[in-house]
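Coordinate analysis (summary)
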Amino acid sequence: MSSASPASVLVVGAGPAGLVLALTLAKNGVSVRIIEKETQRRAGQRGAGIMSRSIELYNYLGVLPDISALAKPPPQMRKYKLPGGIEPLSTMHISPPETPTPACPYLNAAMLGQESVEAILRSHLEKLGVHVEDGTRLQTFDQHSDHVIAHTVKEDAGEEKDHDITCHWLVGTDGARGIVRKQLGLQFLDTPHEDLHFVTGDVVCKGLDGDYWHSWGNPSGNMVMMRPTEHDGVFSLMAGGHANPATLVSDRAELVKFVQRTTDRDDLEFGDIRSIYEYRPNVRMVDKFGEGRVFVAGDAAHVHSATGGQGLNSSIQDSFNLGWKLALVENGFAAPSLLATYSEERLPVIAAMLQRTTVLLKKTVSGSSDAWKRGAILKQLGVNCRWSSIVVDERSTRGDPDELMANAYGGGGGILCAGDRAPDAPGLVDAEGGTTTFFRLFGPTYHTVVFFAADIHRITELLGALAECPPKTVRAVLVLPQGHPGVSAEAVRGIDTVVKDQDGHAYTGYAVEGESPVTMVVRPDGIVGGIVLGAAGLRRYFGGVFGDA
């Protein structure tokens, strides 16, 4: 047995959740290793729907240009009459396109296969010197007071060699059947749907229009759905009904026969079956997201129905929530107690997600007419953590925690509160006349403290409180109102950026009125962590984050 080089954090599993976590940590200067048991990269679309909140996340991490270059908008769904299978019965938008707003520039979802997303995330990790260690399987781990030892097996030239990896923290993003959750002994509460069994995968097909998501039949009988992908001629297939799924997966001829029979389209020509597997929806989640120095995220912590496209999106947001906190702790800027807020903030969100996707599944299976009317709430822009013990809100009265957690997906409207997603605001003009947006100023490696004030002398005490924070962990932005003559950053000691809200979107989006200064603290994950009215509130917020580190 050999002992491999140590790492601050070991990530087990190189799906999107693991890759986003590793990328977040690497950007924060944390030594990270990421292992993957498979030797070959997974093919297929799987979680292809990218919701608005995840697009914002990719923007924060700097990968959005590569995502946008390949992604496609969700196609309209076209259902066909049977027999015949050619004449449209209905055509509808699952997610009707909306006009972006100043607060929400990425208002429309996108579609990109998981294999493509993983390749992009890997490439960005590699630029930071982090390479996925494929063919490396976690067998077990030993947890100690100040470190974890992971016992792994590495496949090398056809041989398996044992390696021990010592790390400060271990995170399992190794899926629903992964070993990390099992060894931690976390409960994985299960609501199975034994009566539902499908086949899904990616197939090459000629004879179908690549502009629509095609649907024949219904889930109560035989059903086939085929959605175009980012690859020309390749469709994402879902099929089910009165057939043995195992047979359809193992026998190409039987699969083609079933699809042609169900669609009544023997003119469809099938080429390569790029991926194919059985799918049975289950609803499960852990009772907590970690124990000691070991955590879980993504499918290792929760599985769900695919209806609604929430799972992968929720998974990478798990990682983004954990990543910045783990980075602060590992870099010595925060106490380990901060990591307890990972479970505190994500459990209610995941419970709400499972509830919503299960309702959608039941509507879909029953053939309900509104099963495909998903609504804006699934874009996840309302997902929040208003109940969190580390958010501070001096502008709004904090409600009952149980009621707040019950509204974890948002949708209730009202004024912006601490724990909500931080809105964007374009049209911010600096002293040189250049323009920027909040989303260009926010970042995953620091808190952004935004001072809304017309009189710079009224934020002097606030700047004094900010100066007490650890170096390089905060950036200060002064936003002057419309019509202000302007000041330079050099004129205000402690301010990194001064901008004028030329179009009024910042003050409107953050509901700032009057002459009294209001300070917004935007966390590295794009959540408004604090809305404070004075230096005491600012100290209270950062005291909760940095603690006694």
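The structure contained in this document is the topic of the report that follows.

1. Some details on the overall build of the protein
Counting secondary structure elements, the protein contains 14 helices and 29 strands. Against the 2.2 N^0.38 benchmark of 24 Å for 549 residues, the protein shows a C-alpha radius of gyration of 25 Å, consistent with a compact globule. On the principal axes, the C-alpha backbone points of the protein span a range of 75 × 60 × 45 Å. Taking all 549 residues of the protein together, the buried fraction comes to 55%. Sequence-distant contacts in the protein: of pairs separated by 6 or more residues, those separated by 24 or more amount to 70%. Summed over all atoms, the accessible surface of the protein reaches about 22,600 Å², with 50% contributed by carbon and sulfur. Each charge class in the protein can be summarised by its mean position, and for the 51 positive and 64 negative side chains these summaries are 3 Å apart.

2. Some remarks on helix α1 (residues 16–27)
Helix length check: α1, at 12 residues, gives a terminal C-alpha distance of 16 Å against a target of 16 Å (1.5 Å per residue), a fit within 8%. Buried residues along α1 sit in contact with β2 (7–12), β3 (32–36), α2 (52–61), α4 (114–127), β11 (159–172) and α8 (311–330). Residue G29 follows α1 closely and has a positive phi angle near 75 degrees.

3. A look at the packing of α1 against α4
The geometry of α1 relative to α4 is characterised by a closest axis approach of 10 Å and an angle of 20 degrees between their N-to-C directions. The pairing of α1 with α4 is recorded here as roughly parallel in orientation. In terms of crossing hand, the pair formed by α1 and α4 is left-handed. Here α1 contributes P16, L19, V20, A22, L23 and A26 to the contact with α4, which in turn contributes Q114, E118, L121, R122, H124 and L125.

4. Let's talk about the side chain of S314
Its place among the elements puts S314 in helix α8. On the basis of relative accessible area, S314 is assigned to the buried category, the value being 1%. Contact partners of S314, with chain neighbours within four places excluded, come to H302, R346, I350, M353, Q380 and Y409.

5. A look at the sheet that holds strand β25 (residues 447–452)
What the 8 strands build is an open sheet, ordered β22-β29-β28-β25-β26-β27-β23-β24; its pairing is mixed. At either end of the open sheet lies a strand with only one pairing partner, and these are β22 (392–393) and β24 (435–436). Of the pairings in the sheet, the one linking β22 to strand β29 (residues 528–532) comprises 2 bridges and is parallel in character. By the bridge assignment, D393 is partnered in β29 with I531. The sheet contacts of helix α14 (residues 535–546) involve β22, β25, β26 (474–480), β28 (518–522) and β29, and relative to β25 the element is tilted by about 170 degrees.

6. Focus: the packing of α1 against α8
The interhelical angle for the contact between α1 and α8, taken along N-to-C directions, is 25 degrees, at an axis separation of 8 Å. The orientation of α1 relative to α8 falls into the category roughly parallel. Once α1 is placed against α8, the crossing between them reads as right-handed. For the pair α1 and α8, contact is made by P16, A17, V20, L21, T24 and L25 and by L312, S315, I316, S319, F320, L322, G323, W324, L326 and A327, respectively. When its residues are assigned to classes, the contact of α1 with α8 shows 12 nonpolar, 4 polar and no charged.

7. Considering the sheet that holds strand β15 (residues 223–228)
In space, the 7 strands of this open sheet follow the order β6-β5-β14-β15-β16-β13-β17, with mixed pairing throughout. Looking along the sheet, the strands with just one partner apiece sit at the ends: β6 (88–92) and β17 (269–279). Averaged over all pairs of adjacent strands, the angle between strand axes in this sheet comes to 20 degrees, irrespective of strand direction. Pairing between strand β5 (residues 76–80) and β6: 4 bridges, direction antiparallel. Counted as the bridge partner of R78 is T91 from β6. Strands β13 (198–206), β14 (212–217), β15, β16 (234–240) and β17 of the sheet are contacted by helix α7 (residues 252–263), whose axis makes an angle of about 100 degrees with β17.

8. So, the packing of aromatic side chains
Inspection of the entire model under this criterion finds 16 aromatic pairs. Ring centres of F295 and Y342 lie 6.2 Å apart, and the angle between their planes is 65 degrees; this geometry places the pair in the edge-to-face category. One end of the pair, F295, is in strand β20 (residues 294–296); the other, Y342, is in helix α9 (residues 340–366), with 47 residues separating them in the sequence. One exposure class covers both F295 and Y342, and it is buried. In textbook terms, an aromatic cluster arises when at least three aromatic residues are bridged by ring pairs, as seen for Y60, Y106, F320, F438, F439, F442, F452, Y507 and Y510. When the ring centre of Y446 is taken as origin, the NZ or CZ atom of R475, which lies over that ring, is 4.0 Å away.

9. Things to note about the pattern of salt bridges
Following the criterion strictly, the structure yields 20 salt bridges and no others. Measuring nitrogen to oxygen at the nearest pair gives 3.6 Å for the salt bridge that ties E118 to R42. Here E118 is found in helix α4, whereas its partner R42 is found in the loop between β3 and β4 (49–50), with 76 residues between them in sequence. On the basis of relative accessible area, E118 is assigned to the buried category, the value being 5%.

10. Structural notes on the nonpolar core
Counting residues in hydrophobic clusters, the biggest one holds 134 residues, and the most contacted among them are Y58 and F438. Per-element accounting of this core gives the leading share, 9 residues, to α8. Those residues within four positions of Y58 in sequence are excluded, and the remaining contacts are V20, I50, V63, L64, I67, V117, L121, L312 and I316. Counting residues in each nonpolar core, the second largest holds 18 residues, with L237, V259, L268 and F270 among its members.

11. Observations concerning the pairing of β13
Counting buried positions over the 9 residues of β13 gives 7, a clear majority of the element. Pairing of β13 with β17, which is carried by 8 bridges, proceeds in the antiparallel orientation. For G201, the partnering residue across the bridge sits in β17 and is I276. Pairing geometry for β13 and β16, over 7 bridges, is antiparallel. Among the inter-strand pairings, F198 is bridged to a residue of β16, identified as G240.

12. Describing the side chain of S8
Structurally, the position occupied by S8 is in strand β2. Among residues more than four places away in sequence, those in contact with S8 are V30, S31, C167, H168, W169 and E330.

13. Let's talk about the environment of A297
On the secondary structure map, A297 appears in the loop between β20 and β21 (302–303). Residue A297 is classed as buried on the basis of its relative accessible area of 1%. Put simply, A297 and S388 are 91 residues apart on the chain and 19 Å apart in space, counted from C-alpha to C-alpha. Apart from the residues lying within four places of it in its own chain, the contact partners of A297 are G172, T173, D318, S319 and Y342.

What counts and what doesn't
- Per-chain numbering applies: the sequence of each chain, read as written, is numbered from 1 onward.
- The model is predicted, so local features are restricted to residues of pLDDT at least 70 and side-chain atom pairs to those at 80 or more, both for listing and for counting; the totals for chains, interfaces and linings are taken over all residues.
- Side-chain metrics in this entry use all non-hydrogen atoms of the structure; hydrogen atoms and water are not considered.
- Helix and strand assignments come from DSSP, with helices taken as H or I runs of at least 4 residues and strands as E runs of at least 2, each series counted from the N terminus.
- Note that the radius of gyration is over C-alpha atoms, with the globule rule given as 2.2 Å times the number of residues to the power 0.38.
- We call a residue buried when its accessible area falls under 20% of the maximum for its residue type, exposed when it is over 50%, and partly exposed in between, using a 1.4 Å probe and counting protein chains only.
- Contacts between residues were defined by any pair of non-hydrogen atoms, one from each residue, lying within 4.5 Å.
- Here, Shrake-Rupley sampling with a 1.4 Å probe gives the accessible areas, and only protein chains in the shown set may cover a residue.
- Residues counted as positive are Lys and Arg, residues counted as negative are Asp and Glu, and His and the chain ends are not counted.
- Every charge is mapped onto a representative atom, which is NZ of Lys, CZ of Arg, CG of Asp or CD of Glu.
- Multiply 1.5 Å by the residue count of a helix minus one, and that product is the helix's expected span.
- Each axis is a line fitted through C-alpha atoms, taken for helices only over the stretch in contact, and angles between the N-to-C directions span 0 to 180 degrees.
- Should an angle fall under 35 degrees it is called roughly parallel, over 145 degrees roughly antiparallel, and 65 to 115 degrees roughly perpendicular, with every other angle called oblique.
- We call a crossing left-handed when the near helix sits turned anticlockwise from the far one by less than a right angle, and right-handed when that turn is clockwise.
- At least two DSSP bridges between two strands are required for those strands to pair.
- Ten residue types, Ala, Val, Leu, Ile, Met, Phe, Trp, Tyr, Cys and Pro, are classed as nonpolar, four, Asp, Glu, Lys and Arg, as charged, and the remainder, Gly among them, as polar.
- Centre distance within 6.5 Å is the pairing criterion for rings of Phe, Tyr and Trp, where only the six-membered ring of Trp is used; planes under 30 degrees apart are then read as stacked, over 60 as edge-to-face, and the remainder as tilted.
- Whether a charge sits over a ring comes down to the Lys NZ or Arg CZ being within 6 Å of the ring centre and within 35 degrees of the ring normal.
- For this document, the term salt bridge refers to a Lys or Arg side-chain nitrogen within 4 Å of an Asp or Glu carboxyl oxygen.
- We call a set of buried residues a nonpolar core when its members are Ala, Val, Leu, Ile, Met, Phe, Trp, Tyr or Cys and they connect through side-chain atoms within 4.5 Å of each other.

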